[in-house]
Amino acid sequence: MLRVIGKRLALLVPTLFGLSVLLFLWVRSLPGGPATALLGERATPEAVARVNELYGFDEPLLLQYFTYMGKLLQGDFGTSIITGRPVLEEFATRFPATIELSVVALIFAIGVGIPLGYLAARHYGKLLDHGSVVLSLIGITIPVFFLAFIFKYLFAIQWPILPPDGRQDPRINATHVTDFYVLDGILTGEYDAAWDAFQHLILPGLALGTIPLAIIVRITRASVLEVQNADYVRTARAKGLMEKTIRSRFILRNAMLPVVTTIGLQTGLLISGAVLTETVFAFNGIGSFLARAIFELDYPVLQGFIIFIAILYALINLIVDVSYSVIDPRVRVQ
Amino acid sequence: MFTSKTARGTLPTRKRAAAITAGAAISALLLSGCVQSQREEDGGAAAEGEVDSTFVFAASSDPASLDPAFASDGESFRVSRQIFEGLVGVEPGTADPAPLLAESWETSEDGLSTTFALKEGVTFHDGTEFNAEAVCFNFDRWYNFTGLAQAPSVSYYYNNLFRGFADSPDAAVYESCEVNGDLEATVTLAKPFAGFIPALSLPAFAMQSPTALQEFNADDIGGSSEAPQLSEYAQGHPVGTGPFKFDSWNVGADLTVSANEEYWGEQGDVQTVIFRIIDDPQARTQALQAGTIDGFDLVSPADIPVLEEEGFMIVPRDPFTILYLGINHAVEELSDPLVRQAIHHAIDKQALIDQTLPEGTQLATQFIPDVVDGYNEDVTTYEYDPERAKELLAEAGYPDGFEVQFNYPTDVSRPYMPTPEQVFTNLSAQLGEVGITVTPAPDVWTPDYLDRIQGTENHGIHLLGWTGDYNDTDNFIGVFFGQEKPEFGFDNPELFTALSEARGMTDREEQTSTYEEINEQIAQFNPAIPLAHPAPSLAFAPRVDSYPASPVNDEVFNMIELNE
């Protein structure tokens, strides 16, 4: 299996190379440039020209690309035009936030989605089934940011039981070690800080988790429905196996394969959902920063962040592939 | 989550999962306490007063830089104003210069050299003494910027106001700084610059600790040629003489400053200020409603009545802004002065203000607000008179009106224009009344809109404006009408010369009366329509009693009064 993983990782190199070319061209084909974003309504043509010259935006594209790649190969992703900090550092400081948020969203989506889908299938055609189908349809059709707004309005403003924004109340003055705030609170023994950080994760986590939740419910339901009528299940029943064993070993386990694929894909897609959710909840992760970079045409950040996200996406998919063989020993990663 | 257990609990991998969970829990317990909590024990400054002395203010973005010399944005300056002070301050509530770190100054007759008498007994937060040497160190530092530090986007204000550096002395306004004694320094300029003293009230020219600047390589902003990188100083070591000291900056989340116990002036109710970064305007309003912040700036006009009703305090600033309807003279119809007069008469500015702009907005008769020098009380005005507008159009040869492109930006809120779409709709209807049909041409603010207005001829009438930096007339009308620009597309050498001469005047009084004349000259030429001076507002939690609102945003938080 190690060889397969190695091969898959090696394939990542040409993929990323292609992506870097496309990204580079796309970002630069956007109208205008960072100079106007930087200078605002004060911009005189001379100032814009000066900025472009200093930043090297006036050089031929090919030359700009080689300069960029040259640095990239040395691990230099450039500096954010907006913040003046290295892109790598910007990513690293915000990444834990988005991971924390995604984990909460995923726990919610998986923890609720699989049982709900499974129960819907078991009670096929009954009220629970119809209810879960309608719920998942709503989950898929409502835009994330709208849901985020609703959650925030209801549970942070109308009935203020949860914090409306941010990752942690700055008044708490928490110690940060890993930048995973909940973990930090546990590690340092500042449990109030951990609890506060966790509370800040609930609303955005639920909002972000809704779409994967809805999809997981549907896939689980469909998959369980298919498996529970399979020949081997009938055989197992005929053999007189206990219903509990049949459900767990024969139905659920076999039904999990497509669900795991879905979870893998949805995990990657969480990042795009995070762009909106994080903005609504003023949650300082890579999503909200990416949104800002798009508005202000921060070339280096756009390029760097999208490459990082692509790597992440590829890695998640690799993990999903590997996990197949754990769930279903007949599947061998090839 | 309860449900995950029912799903996973019966899997054969149960034991493994249980082992992993237990392992994780045990290691978390073992680890907990391994890492030292760096939390300061309470009981310090915060517990002393009767009020909660921590003040949380929502900022719309991170500061671009903690080094104000390399910043030009409002959020950087908001933070700078807490940490730093300049030689010259601002008279509270006005835009006029006032003594700060310099107790007084005297300018030579030729206007070229100014001698500053410095305040005694002031030290920087790092213990460095504030004296004439520190003053000259700062002036020389700016003058000797090299490479990327000279980029207009980096040292914006020095570039614009002092125009040149040590390696381009012909262009430079600054010449030298001389230490005359511990508490006296003389700054000599190479060229007259009447706005020199008011300019020094800008945070960009605040006094910074020479020791810290050197220790943390403040000028080392090279990084890469693609984008300049903040220096170590600008990222986390700003040292000034102000009422607050820099504490920490959690980029993208919050920035904290705390009271400078050695401060020479008054220390107020606020001992710690936390600037929380919330970039979505809606989210700032909601944060105030939810009680997670104490205040924020640039309240959307639509939210003002709602917040007031809920018991929040709205503080409008005196306007230091101008919103105007730009006119592109390159368009045939618009080059006709009669048509421009007709447009002016067609607009009911008061109705526009009442319907689309925040409370406190003043009607504009010229392109500077009344707190700026050179404001002309008796300037020619064009009253709202749709009949007169129709007559003028007929006289100009357009009895049935004409069609014109109306450019406006979307999804943007500027201090002088909170909701451009509403202003557009309102003005379109007004112009329609007199027969001018507008073709809507919306664009996103950057880069499309600004590029189109400032870089091309492809626009008709448009919305734009300005927020002033300090009491400098040239900063308004000089920027707008000082030279031929694609934005307006006219060539008026007489006006250009007048503005250029006024800029070079050394005598402030003479300059002021010249600007009054120029404002009249502009009113008669009528190159564009000054609409309003919108007043930006701040909103605060009920526990805030007063806030030192300033037209030029010179707001230092030690002046905030709290009641709980």
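Residues numbered from 1 in each chain as written. Chains lettered and ligands numbered in written order. Predicted model: local features only at pLDDT ≥ 70, side-chain atom pairs only at ≥ 80, totals over all residues.

Visitor: Would you explain the overall build of chain A in this entry?
Guide: Tallying secondary structure elements over chain A gives 13 helices and 0 strands in all. Of the regular secondary structure in chain A, the N- to C-terminal order runs α-α-α-α-α-α-α-α-α-α-α-α-α. With the C-alpha coordinates aligned to their principal axes, the bounding extent of chain A is approximately 85 × 50 × 40 Å. Counting every position in chain A, which comprises 334 residues, the buried fraction comes to 45%. Put simply, 71% of the contacts in chain A that link residues at least 6 apart link residues at least 24 apart. (Helix = DSSP H or I, 4+ residues; strand = E, 2+ residues; numbered from the N terminus. Buried ≥ 20, exposed ≤ 12 C-beta atoms within 10 Å, placed from the backbone. Contact = placed C-beta atoms within 7 Å.)

Visitor: Explanation requested: the overall build of chain B in the structure shown.
Guide: In terms of regular secondary structure, chain B is built from 19 helices and 21 strands. Taken over the C-alpha trace, chain B has a radius of gyration of 27 Å; the compact-globule value for 564 residues is 24 Å, and the two agree within 12%. Taken over 564 residues, chain B has a buried fraction of 49%. Intrachain contacts of chain B at a sequence separation of at least 6 include 71% that bridge at least 24 residues. (Rg over C-alpha atoms; globule rule 2.2 N^0.38 Å.)

Visitor: Would you mind going over helix H13 (residues 349-356) of chain B with me for this structure?
Guide: For an α-helix the count is 3.6 residues per turn, leaving residues at separations of three or four pointing the same way. Residue and element names in this part refer to chain B. Within the span of H13, buried status applies to Lys-349, Leu-352, Ile-353 and Thr-356. Looking straight down H13, one finds its buried side chains confined to an arc of 100 degrees; they lie on one side. More than 90 degrees from the buried face of H13, the exposed residues found are Gln-350, Asp-354 and Gln-355. Its buried side turned inward, H13 meets strand E14 (362-363), helix H15 (420-433) and strand E18 (529-533). (Arc of directions from axis to C-beta.)

Visitor: Even after reading the chapter, I still don't get the pairing of strand E9 (residues 254-259) of chain B, so can you show me in this structure?
Guide: Consecutive side chains of a regular strand alternate in pointing toward one face of the sheet and then the other. Residue and element names in this part refer to chain B. Most of E9 sits inside the fold, with 6 of its 6 residues counted as buried. When strand E8 (residues 244-250) meets E9, the two strands line up antiparallel, connected through 6 bridges. Following the sheet pairing, Lys-245 is matched in E9 by Ser-258. The loop that links E8 with its antiparallel partner E9 comprises 3 residues; one of these, Gly-252, has a positive phi angle of about 85 degrees. (Pairing = 2+ DSSP bridges.)

Visitor: Just to check I follow, could you spell out the sheet that holds strand E7 (residues 184-189) of chain B for this structure?
Guide: The pairing of strands in a sheet happens through backbone hydrogen bonds and is either parallel or antiparallel. Residue and element names in this part refer to chain B. Strand order across the open sheet formed by 4 strands is E4-E5-E7-E6, with antiparallel pairing between neighbours. Single-partner strands in this sheet number two, and they are strand E4 (102-107) and strand E6 (174-181). The sheet shows a mean angle of 20 degrees between the axes of neighbouring strands, direction not considered. As defined by bridge partners, E4 adjoins strand E5 (residues 113-118) across 5 bridges and the pair is classed as antiparallel. Note that in E5 the partner of Trp-105 across the bridge is Phe-116. Sheet strands in contact with helix H5 (residues 132-143) are E5, E6 and E7, and its direction is about 170 degrees off that of E6. (Axes fitted to C-alpha atoms, helices over the stretch in contact; angles between N-to-C directions.)

Visitor: Looking at this structure, how should I read unusual backbone geometry?
Guide: A negative phi angle characterises most non-glycine residues, just as the trans form characterises most peptide bonds. Residue and element names in this part refer to chain A. With a phi close to 55 degrees, Asn-173 is a non-glycine residue in the positive phi region. Its place among the elements puts Asn-173 in the loop between helix H7 (144-158) and helix H8 (181-188). For Asn-173, a count of 20 C-beta atoms within 10 Å translates into the label buried. In this structure, Ala-282 takes a positive phi of about 45 degrees despite not being glycine. Looking at the element boundaries, Ala-282 is found in the loop between helix H11 (243-280) and helix H12 (286-295). Taking the number of C-beta atoms within 10 Å as the measure of exposure, Ala-282 has 25 and is therefore buried.

Visitor: What am I meant to see in the sheet that holds strand E11 (residues 295-297) of chain B here?
Guide: Residues and elements named next belong to chain B. Sheet architecture is open: 7 strands sit in the order E8-E9-E10-E1-E11-E19-E12, paired in mixed fashion. Since the sheet does not close on itself, it has two edges, and those belong to E8 and strand E12 (313-316), each with one partner. The average undirected angle you get between the axes of adjacent strands in this sheet is 20 degrees. The sheet contacts of helix H4 (residues 74-83) involve strand E1 (54-59), E8, E9 and strand E10 (272-277), and relative to E8 the element is tilted by about 140 degrees.

Visitor: Mind showing me how you'd approach the packing of helix H5 (residues 87-122) of chain A against helix H6 (residues 127-141) of chain A here?
Guide: Relative orientation and spacing of two packed helices are given, respectively, by the angle between their axes and the distance between those axes. All names here are of chain A. Direction vectors running N to C along H5 and H6 enclose 135 degrees, while the axes themselves pass 7 Å from each other. By the angle between their axes, H5 is oblique relative to H6. Two packed elements cross with a definite hand, and for H5 against H6 that hand is left-handed. Along its contact with H5, which presents Leu-116, Leu-119 and Ala-120, the element H6 presents Leu-128, Asp-129, Ser-132 and Val-133. Considering only residue class, the contact of H5 with H6 consists of 5 nonpolar, 1 polar and 1 charged. (Parallel < 35°, antiparallel > 145°, perpendicular 65-115°, else oblique. Left-handed = near helix turned anticlockwise from the far one by under 90°. Nonpolar A, V, L, I, M, F, W, Y, C, P; charged D, E, K, R; others polar.)

Visitor: So what exactly am I meant to see when it comes to the nonpolar core here?
Guide: Note that soluble globular proteins tend to have their nonpolar side chains buried in a common cluster. Counting residues in each nonpolar core, the largest one holds 225 residues, and the members touching the most others are Ile-216 of chain A together with Val-135 of chain B. Beyond its immediate chain neighbours, meaning those up to four positions away, Ile-216 of chain A contacts Ala-109, Ile-110, Gly-113, Ile-114, Gly-117, Val-259, Thr-262 and Ile-263 of chain A. (Core = buried A, V, L, I, M, F, W, Y, C linked by C-beta atoms within 7 Å.)

Visitor: How should helix H10 (residues 231-239) of chain A be read in this particular structure?
Guide: With 0 of 9 residues buried, H10 of chain A lies mostly on the surface of the structure. Gly-240 of chain A sits one or two residues past H10 of chain A and shows a positive phi near 85 degrees.

Visitor: I tried to follow the confidence of the model for chain B on my own but got confused; where do I start?
Guide: Close reading of the predicted structure is inappropriate where its pLDDT is low. All names here are of chain B. For chain B, per-residue confidence averages 88 on the pLDDT scale, and 90% of positions sit at 70 or higher. Counted against residues more than four places away or in other chains, residues 1-13, with its pLDDT under 50, gives 18 contacts. For this predicted complex, the interface confidence score (ipTM) comes to 0.71, while the overall pTM stands at 0.79. (pLDDT = per-residue confidence, 0-100.)

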